[in-house]
Amino acid sequence: MQFDFDNKQRKEILKTVSEKLENYYSSTKDFKTNPDLNIKEIRESILTKELANGISPDKAIEHVIKGLETFSVHTPHPKYFGLFNPRSNYAGIIADLITATYNPQLAAWSHAPFAVEVEELIIREFANKFGYDGNADGVFTTGGAEANLTAMLCALNHKYPNFAKDGTFGLDKKPVVFCSVEAHHSIQKAAKVVGIGYSLVESIPVTDELKLDTEILQQKLNELDSSVYSPLMIIGTAGTTGTGTIDELNQLSFICKKNNIWFHVDAAYGGGAILSQDLKHQLTGIEKSDSITFDAHKWMSVPMGTSIFLTSKNDILGKTFRITTEYMPKEADKLTITEPFTHSIQWSRRFIGLKIYLSLLFYGWQGYEQTINHQAEMGQYLRNKLLKSGWLIKNYTGLPVVCFTKADFETDSNFTKEILDKILAKGKSWLSVYPIKGIPTFRACITNYNTTEKEIDELVDELNDEVTGYVGQ
């Protein structure tokens, strides 16, 4: 059996794929936003017997495309107002295709020097954007969870010089991580992975504006039993997943500096505001952090798995991950190059950074600023539209995340659930429900650069129609 295809066959396959993907990309708004979740039907649609001998490429491609179109929440849809899953820009899509074809191995500098240097450039560019000096360092990660895990490992290795060798067995006190109750749960997961346990993650209540309460944080630090516990890191969130809130970064940096605690900012979503002259002021204080998590696959609209970890401590990644081995290439030793595999959780590494690099070559920083500003404007348009229709906005953020409800239904959890179920069943729009201080609210986030006033008008009309129907029951 011929494992590869000849030139003619490859062109035909690529043409088939290209035509089908272009059809989807250009007509995404014509699809239902979400599928019917019939697990039996979904499982029965997946081919099993055909795996033994294979089928023709055309049939295989048709099968996969149909499966994804029929059984997916269409996050590229302009009326997907859900999680931070945007429509991928075309440059990012092409970048993934190029990367898959050349398949560069970024574990060793000498195997992919162009790719490694491109990523180094992008890291320096973002370090500068966030206000770090020229000594900053960083690395691409597969997601915000890996970046937050990297931050916790760096904090441990910074506080405990022998941590890389002795691990948690060498600690004389239990390290405590402080974050908001609204912080991403990857913080708890990171604590599990590094071995300190999530019971040592202290979740601090939030203020009325849903920001980490720095007074309670300071009180918790004062009450900490120093004979048993030691503060490891404080995590401020710049754009919480539920409400898009940005913590008081300046105040948190002051507390960290005063107490000699590692200051990490999880800016996985909200970090994109740094690219806008109109929005970047919301991130004031982030430049004083020891490390930052940023997900380009959120507000920069590139395909999934494009995240960045940045740190103002230029030696900490080496202290945390450096290792030597005989079988890896040695060419970089003569050039005083840092080998990627000694600088990251990952060993084998994909060319993640190309999705950003090619996007910047296509659109430039200016294009990104315009796109981010547009989405922020659509978020404000949604707020205004809701307020005019008698809805209450329950979150406080300059980012395009809007949590809202009706005054008459603030204590009626059935209301939000029933209305949401009806909207999702129609498949015209996708949004979610998020509780704020015990009040169930609808949550809508502008994640798509193609979302316009038209789609927002349709969403609000749909909500108003369902509320009217609910009240009339």
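Thresholds applied
Residues numbered from 1 in each chain as written. Predicted model: local features only at pLDDT ≥ 70, side-chain atom pairs only at ≥ 80, totals over all residues. Heavy atoms only, no water. Pairing = 2+ DSSP bridges. Helix = DSSP H or I, 4+ residues; strand = E, 2+ residues; numbered from the N terminus. Contact = heavy atoms within 4.5 Å. Axes fitted to C-alpha atoms, helices over the stretch in contact; angles between N-to-C directions. Buried < 20%, exposed > 50% of the residue type's maximum accessible area, 1.4 Å probe, protein only. UniProt positions renumbered as here; feature names shortened; annotations may be inferred. Polar contact = N/O pair within 3.5 Å; in protein donor to acceptor, adjacent residues only side chain to side chain. Core = buried A, V, L, I, M, F, W, Y, C linked by side-chain atoms within 4.5 Å. Phe/Tyr/Trp six-rings, centres within 6.5 Å; stacked < 30°, edge-to-face > 60°. Patch = residues over 30% accessible without salt bridge, like charges linked within 9 Å, V, L, I, M, F, W, Y side chains within 5 Å. Areas by Shrake-Rupley, 256 points an atom, 1.4 Å probe, with all protein chains shown as cover. Salt bridge = Lys/Arg side-chain N within 4 Å of Asp/Glu carboxyl O.

## Focus: the sheet that holds strand E8 (residues 392–393)
Two modes of strand pairing occur in sheets, parallel and antiparallel, and in both the strands are linked by backbone hydrogen bonds.
Line of reasoning, step 1. Here four strands make up an open sheet; going across it, the order is E8-E9-E11-E10 and the pairing antiparallel. Looking at strand neighbours, the two that pair on one side only are E8 and strand E10 (432–436), the edges of this open sheet.
Line of reasoning, step 2. Of the strand pairs in this sheet, E10 and strand E11 (residues 439–445) are connected by five bridges, and their pairing is antiparallel. The partner of Pro435 across the bridge, within E11, is Pro440.
Line of reasoning, step 3. Against the sheet, helix H13 (residues 354–388) contacts E8, strand E9 (401–405) and E11, and its axis sits at roughly 10° relative to E9.

## Focus: helix H8 (residues 186–194)
Line of reasoning, step 1. Taken residue by residue, H8 has Ser186, Ile187, Gln188, Ala190, Ala191 and Val194 as its buried positions.
Line of reasoning, step 2. If you follow the buried residues of H8, they end up packed against helix H6 (144–159), helix H7 (163–166), strand E2 (174–180), strand E3 (201–204) and strand E4 (229–237).
Line of reasoning, step 3. Looking one or two residues beyond H8, the residue adopting positive phi is Gly195, at roughly 100°.

## Side note on the pairing of strand E7 (residues 307–311)
Line of reasoning, step 1. With five of five residues buried, E7 lies mostly within the body of the structure.
Line of reasoning, step 2. Where strand E1 (residues 137–141) lies against E7, five bridges are found, and the strand directions are antiparallel. Bridge pairing in E7 links Phe140 to Ile308.
Line of reasoning, step 3. Both strand E6 (residues 291–295) and E7 contribute to a ladder of five bridges, which runs antiparallel. Bridge pairing in E7 places Ile292 opposite Leu310.

## A look at the UniProt feature "modified residue: N6-(pyridoxal phosphate)lysine" (unreviewed entry) in the chain
Line of reasoning, step 1. Residues given the UniProt feature "modified residue: N6-(pyridoxal phosphate)lysine" (unreviewed entry) here are Lys298.
Line of reasoning, step 2. On the secondary structure map, Lys298 appears in helix H11 (residues 296–299).
Line of reasoning, step 3. Among all residues touching Lys298, those that are not within four sequence positions of it are Phe84, Pro86, Ala268 and Tyr269.
Line of reasoning, step 4. Looking at Lys298, its side chain comes within polar contact range of the side chain of Asp295, at 2.4 Å.

## What to know about the nonpolar core
Nonpolar side chains in soluble globular proteins generally cluster together in the buried interior.
Line of reasoning, step 1. Formed by 80 residues in total, the largest nonpolar core has its most connected members in Phe126 and Met152.
Line of reasoning, step 2. With eight residues, the top contributor of residues to this core is H6.
Line of reasoning, step 3. If we ignore the near neighbours within four places in the chain, the residues touching Met152 are Val177, Ile187, Ala190, Ala191, Val194, Ile196, Leu232 and Met233.
Line of reasoning, step 4. Trp391, Ile423, Leu424 and Trp430 belong to the second largest nonpolar core, which has 24 residues in total.

## Side note on the packing of aromatic side chains
Line of reasoning, step 1. This structure, assessed with the given rule, holds 14 aromatic pairs.
Line of reasoning, step 2. Look at Phe126 and Phe294: their rings are 5.2 Å apart centre to centre, the planes differ by 35°, and that puts the pair in the tilted class. Highlighted residues: Phe126 in helix H5 (residues 113–129) and Phe294 in strand E6, separated in sequence by 168 residues. Assigned by exposure class, Phe126 and Phe294 land together as buried.
Line of reasoning, step 3. Between Phe415 and Phe442 the ring centres are 6.0 Å apart and the planes differ by 80°, which places this aromatic pair in the edge-to-face class. Here Phe415, found in helix H14 (residues 413–426), pairs with Phe442, found in strand E11; they are 27 residues apart in sequence, far enough to count as distant. The residues Phe415 and Phe442 share a single accessibility class, namely buried.

## Quick word on a nonpolar patch on the surface
Line of reasoning, step 1. The grouping of Tyr90, Leu361, Phe362 and Tyr363 at the surface amounts to a nonpolar patch, some 420 Å² of accessible area in total.
Line of reasoning, step 2. Here the nonpolar patch gets three residues from one element, more than from any other, and that element is H13.
Line of reasoning, step 3. Inspection of the secondary structure assignment puts Phe362 in helix H13.

## Re the environment of Lys49
Line of reasoning, step 1. Assignment of secondary structure puts Lys49 in the loop between helix H2 (39–45) and helix H3 (57–70).
Line of reasoning, step 2. Taking relative accessible area as the criterion, Lys49 reaches 76% and is therefore assigned exposed.

## Brief notes about the pattern of salt bridges
Line of reasoning, step 1. Evaluation of the coordinates by the stated rule reveals 18 salt bridges.
Line of reasoning, step 2. Residue Lys32 pairs with Asp36 through a salt bridge whose shortest N-O separation is 3.8 Å.
Line of reasoning, step 3. In this structure, Lys355 engages Asp96 in a salt bridge whose closest nitrogen and oxygen atoms are separated by 3.8 Å. Separated by 259 residues along the polypeptide, Lys355 in helix H13 and Asp96 in helix H4 (residues 90–102) bring together distant segments of the chain.
Line of reasoning, step 4. Its relative accessible area of 3% is what places Lys355 among the buried residues.

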